[in-house]
Amino acid sequence: MATEYTDHIDSKDKQPRTARGLKTKRKLLDAAALEFGEKGFHEASITGITQRAGTALGSFYTYFDSKDELFSALVKDMSLRVKDRAASAMTEWKDALEREKLALESFMNFARENKEIYRIIDEAEFVDPQSYHDHYEGTAARIFERLQEGSEAGDLRDGLDEAHAWAIMGMNVFLGLRYGIWSEDKSASQVAEIANDILTNGIGARKG
């Protein structure tokens, strides 16, 4: 996994003070993603995480007080990485609908590169409910903000509700599960096109 997301790491007052510290903490988070993704929270171990990271056991406690704290930091970190990936993909678009297409395509690619994200987020519902809620509420809020901007620009109809954002997010989550985790028998672009067609044209039969 990539190591460029060092500025997103924050575990209470244990923030690394040096570039070396940031790199070590990044290694621990990346190793934790693999350990939790493969074994689940309860079977994962701090020893397993430090072994994957290639760090001393003492290094873990320099940045985290417990496995629970690391898990919470990891959920936040992965959520921020999804946000950043979408933002980097949505630099240019012709209208609000294309913007949503780019956002979904970027998420599909992220899920394929980080398949452990689904197991980690799903477990967060029980291990760290607040992080679980923050992840989905934050994602829906960003979608709703984009919908509002699309309405103001005249690309989308007026009167869109927060529930529309949650509906779009739900569609994206399950498309990512089906075509990013379970199989990759359609390209991310193809899946995003289908979702975009739903947003653009709906699924009702055209009459008259």
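In what follows, the structure referred to is the one given above.
About the thresholds
As a convention, each chain's residues are numbered from 1 in the sequence order in which they are written. Since the coordinates come from a predicted model, pLDDT governs what is reported: local features require at least 70, and pairs of side-chain atoms require 80 or more to be given and counted, while whole-chain, interface and lining totals use all residues. Hydrogens and water are ignored here; the side-chain numbers use all heavy atoms of the structure. The rule is short: rings of Phe, Tyr and Trp, with Trp giving its six-membered ring, pair when the centres are within 6.5 Å, and they are stacked under 30 degrees, edge-to-face over 60, tilted in between. The buried label goes to any residue with under 20% of its type's maximum accessible area, the exposed label to any with over 50%, and the partly exposed label to all in between, with areas taken from a 1.4 Å probe on protein chains only. Secondary structure elements are defined from DSSP: runs of H or I of at least 4 residues count as helices, runs of E of at least 2 residues count as strands, and each element is numbered from the N terminus. A pocket here means an open set of points on a 1 Å grid, computed over the protein atoms alone, that has protein on both sides within 12 Å along at least five of seven lines. A cavity is instead a set of points where a 1.4 Å probe fits but cannot get out; residues with an atom within 4 Å of a point line either one. Grid points are joined across faces, edges and corners, and a volume is the space filled by probe spheres set on the points. Think of it as three bins: nonpolar holds Ala, Val, Leu, Ile, Met, Phe, Trp, Tyr, Cys and Pro, charged holds Asp, Glu, Lys and Arg, and polar takes everything else, Gly as well.

A. Fine view of the packing of aromatic side chains. Evaluation of the coordinates by the stated rule reveals 7 aromatic pairs. On the basis of an interplanar angle of 75 degrees and a centroid distance of 5.1 Å, the ring pair of F60 and Y61 is categorised as edge-to-face. Overall, the relative accessible area of 40% leaves Y61 in the partly exposed class. Geometrically, the ring pair formed by Y132 and Y136 is edge-to-face, given 5.2 Å between the ring centres and 75 degrees between the ring planes. Here the residue Y132 and the residue Y136 both occupy positions in helix α7 (residues 129-153), the gap between them amounting to 4 residues, near one helical turn. Comparing Y132 with Y136 shows no difference in burial state: the two are buried. An aromatic cluster of at least three residues, connected via ring pairs, comprises F36, F41 and F71.

B. Quick peek at empty space enclosed by the protein. Enumeration according to the criterion identifies 1 cavity of 30 Å³ or more in this entry. When its volume is computed, the largest cavity comes out at roughly 50 Å³. Around the largest cavity sit E100, K101, L104, I168, M171, N172, A192, A195, N196 and L199, which together line it. Those elements giving two or more residues to the lining of the largest cavity turn out to be α5 (96-113), α8 (162-182) and α9 (188-201). For the lining of the largest cavity, the residue count by class is 6 nonpolar, 2 polar and 2 charged.

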